[in-house]
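Read off the chains here:
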Amino acid sequence: MSSPRTTRIPSLLFVLLLFTSVNPHVSAQTPTFKSTTRVVLVDTVVTDGHGQPVHDLKAGDFTVLDNGAPQSIVAFEEHRADAPSLAPRTLNLPENIYTNYVSRSEPGALTVLLFDSLNTSPQDLTYARTKMISFIKKLPPGTRIAMYALGSQLRLVHSFTENFEELIAAAQELSVHPKGAYSSANEFTASINELEHSGLNKIPGAGQKMSRFLGEEYEGKIEWRAQDTLDVFTQLAHALAVVPGRKNLIWISSAFPMDFSGEEPRLQRVAALLAANRIAVYPIDAGGIFVPGADAQVSGSEAYAQRSGGFSLRNQENIDSIQTMRRIAEITGGRARYNTNDLAGAMADSMRTGSNYYTLAYRPSGVKWNGEFRKIAIKTTQPHVKLLYRAGYYAISDPSDSKEDATRVVALAMQPTVPVSTQFIMEAKVVPPDTPDEATKIDVFIDVRELALTEQNGQKTPLVDFVAVAWDGDGRQHGSFSEEFHTVSEAQYQSLLKTGLRVHQDMRLKPGSYRLRLGVMDRVSGRIGTLDVPLTVGRVAAGK
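Residues numbered from 1 in each chain as written. Predicted model: local features only at pLDDT ≥ 70, side-chain atom pairs only at ≥ 80, totals over all residues. Heavy atoms only, no water.

Chemist: I tried to follow the overall build of the protein chain on my own but got confused; where do I start?
Modeler: The helix and strand inventory of the protein chain stands at 10 helices and 23 strands. In the protein chain, the share of contacts with a sequence separation of at least 24, taken over all contacts with a separation of at least 6, comes to 76%. With an accessible surface of roughly 25,400 Å², the protein chain has 50% of that area assigned to carbon and sulfur atoms. (Helix = DSSP H or I, 4+ residues; strand = E, 2+ residues; numbered from the N terminus. Contact = heavy atoms within 4.5 Å. Areas by Shrake-Rupley, 256 points an atom, 1.4 Å probe, with all protein chains shown as cover.)

This is the structure:
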């Protein structure tokens, strides 16, 4: 069997194609699309010695290396934060038609704030929230920002907006209480000290057993937080994938829970997924200035490069956190900010520098698409400048590969508290019943050009899951369905190219208000799309 082949259609054209499928009065000629060699996009931030953006460079000022081999730049574009905005594109969809397609018109890059209470100490949360609100208050008019919160799970606090009053009000409601999974080195050390002064030390072996238990509990909490944090970044990659252009993700946290002896491969793969979707991570340490050890003369970022056998667990935890910050920023093309109390200034600088960048595109030559990580190097003829860009990519058929645990990805994506995923564009027609005893009619549309296919002896084999879950306002599930689509003949495939693929299901629900989450997962490529539809069945009592 040959390797999976992916063909794509521009997102707006795809929505128009589906629009015609539900509007017989609209006609459009189906364009012909051909597969091409994969193009790698590299967003590159160029700053001078004072950290200011460098503008007006040309393609000839850059050299691209892929695993050390020079590449030809096939497309080049500069993006500036001060460029004039374009008029937004709107979709006038018919009644009962919904889509997860999103568009943006602003120049530069989008900014996403991630307020992390899962990995932030209690004493840092309130300060971090205050500084984040200060940052929002000073934003230039017209800036569009979205905000997520990471607690026991990922939550969309506010979608992209220019309304700073709404954003500030939402930020003020953010919890400043750490979650139960949080455990710092300070807390662990305090527990051990308390144990040493307790009566357990008088019982042979009891103190040692309790110390071992506390140590295992501390390590277990860090492992849980690490997995939850990686899951969150995976969800964000899916949610922001189809939003055009570069996205600067400002991650506000004070403890970055990674043990590089075991977590580096997972961190690199998740970070590469973010980078493939043009998401640059800007971690900001909410802990402010920290001086390792007892030497108050040691300060600044150099302090984190030092290691000493006399460092406490707290010192080592900070070193590991800084290492994680640097690594995820390096892989995605962002920049880590730490050892500063000016958190608002760090956020502003991250947004400013990340919104002025160049996009370089090249077609890798001589690459074996065997899943190995390939390093990217960008060089420039301009002297005394600094370049920020993603470290590389995995040579796979689709960069948004989540096949390793597809069932888990689907389960996470369908939860009502998880942001909508736009990695796979879909459209749906949802018609509520006229009477409470009738079923809600659900039609989900996708374009088969978006699917990755395996092909053998002329038989095209997609593997697509269609899923729907109805949730009430309290997060309880009231109805669901799933359907699989696979294997089509050449004649069927050619027909679907013209009409799109539609799946129909009826769902019976009791009278009430629901949020219907619809999902599509292409299991060959691992890409997923979800869509939320507000649904009211029958009459709903006031206050429900």
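Chemist: Would you take a moment to explain the side chain of Gln-71 for this structure?
Modeler: For Gln-71, the position within the fold is in strand 4 (residues 69-71). Within the structure, Gln-71 has its side chain in polar contact with the backbone nitrogen of Ser-365 (distance 3.2 Å). (Polar contact = N/O pair within 3.5 Å; in protein donor to acceptor, adjacent residues only side chain to side chain.)

Chemist: Quick question: what am I supposed to make of helix 2 (residues 122-137) here?
Modeler: An α-helix turns once every 3.6 residues. As a result, residues three or four positions apart point the same way. An ideal rise of 1.5 Å per residue puts 22 Å on 16 residues; helix 2 measures up with 24 Å between its terminal C-alpha atoms. Where helix 2 is concerned, the buried positions are Asp-124, Leu-125, Ala-128, Arg-129, Met-132, Ile-133, Phe-135 and Ile-136. When helix 2 is viewed along its axis, its buried side chains cluster within an angular range of 165° and face the same direction. The outward face of helix 2, more than 90 degrees from its buried face, is lined by the exposed residues Gln-123 and Lys-137. Taken together, the buried residues of helix 2 touch strand 7 (110-116), strand 8 (145-150), helix 3 (164-172), strand 10 (247-253) and helix 8 (343-354). (Expected span 1.5 Å × (residues − 1). Buried < 20%, exposed > 50% of the residue type's maximum accessible area, 1.4 Å probe, protein only. Arc of directions from axis to C-beta.)

Chemist: Help me out: how do you make sense of the side chain of Thr-111 in this one?
Modeler: You can see Thr-111 is positioned in strand 7. Excluding residues within four positions of it along the chain, Thr-111 makes contact with Arg-144, Ile-145, Ala-146, Phe-160, Asn-248, Ile-250 and Met-351.

Chemist: Help me understand unusual backbone geometry in this model?
Modeler: Most of the time, phi is negative for any residue but glycine, and the peptide bond is trans. Phi is positive for Asn-67, close to 55°, though the residue is something other than glycine. Among the secondary structure elements, Asn-67 is positioned in the loop between strand 3 (62-66) and strand 4.

Chemist: Explain the sheet that holds strand 7 here, please?
Modeler: By definition, the strands of a sheet pair up through backbone hydrogen bonds, in either a parallel or an antiparallel sense. Sheet architecture is open: five strands sit in the order 9-8-7-10-11, paired in mixed fashion. Each of the sheet's edge strands pairs with one partner strand only, and the pair in question is strand 9 (154-161) and strand 11 (279-285). The sheet shows a mean angle of 20° between the axes of neighbouring strands, taken without regard to direction. Here five bridges tie strand 8 to strand 9, and the two strands are oriented antiparallel to one another. In the sheet register, Met-147 faces strand 9, and the bridge partner there is His-158. Strands in contact with helix 2 are strand 7, strand 8 and strand 10; relative to strand 7, the strand with the most contacts, it is inclined by about 160°. The strands touched by helix 8 within the sheet are strand 7, strand 8, strand 10 and strand 11, with strand 11 carrying the most contacts at an inclination of about 165°. (Pairing = 2+ DSSP bridges. Axes fitted to C-alpha atoms, helices over the stretch in contact; angles between N-to-C directions.)

Chemist: I'm lost on the pairing of strand 22 (residues 512-522) in this one. Help?
Modeler: A regular strand carries its side chains on alternate faces of the sheet. For strand 22, the tally of buried residues reaches nine of 11 residues, placing the bulk of the element in the interior. By the bridge criterion, eight bridges tie strand 19 (residues 459-471) to strand 22 in an arrangement that is antiparallel. By the bridge assignment, Val-469 is partnered in strand 22 with Arg-517. One ladder, built from 11 bridges, connects strand 22 with strand 23 (residues 527-537); its direction is antiparallel. Paired with Arg-517 across the strands is Asp-532, a residue of strand 23.

Chemist: Sorry if this is basic, but what is going on with the pairing of strand 10 here?
Modeler: The element strand 10 is extensively covered by neighbouring structure, given that seven of its seven residues are classed as buried. Of the two faces of strand 10, the one lined by Lys-247, Leu-249, Trp-251 and Ser-253 and the one lined by Asn-248, Ile-250 and Ile-252 are each fully buried. Relative to strand 10, strand 7 runs parallel, the two being bridged by six bridges. Counted as the bridge partner of Phe-115 is Ile-252 from strand 10. For strand 10 and strand 11, the ladder comprises seven bridges, and the chain directions are parallel. Across the sheet, residue Trp-251 finds its bridge partner in strand 11, namely Pro-283.

Chemist: I'm lost on a nonpolar patch on the surface in this one. Help?
Modeler: A contiguous nonpolar patch, built from Val-39, Leu-41 and Val-74 and spanning about 210 Å² of accessible area, is present on the exposed surface. Mapping Leu-41 onto the fold places it in strand 2 (residues 40-47). The exposure class assigned to Leu-41 is partly exposed, which follows from its relative accessible area of 33%. (Patch = residues over 30% accessible without salt bridge, like charges linked within 9 Å, V, L, I, M, F, W, Y side chains within 5 Å. Salt bridge = Lys/Arg side-chain N within 4 Å of Asp/Glu carboxyl O.)

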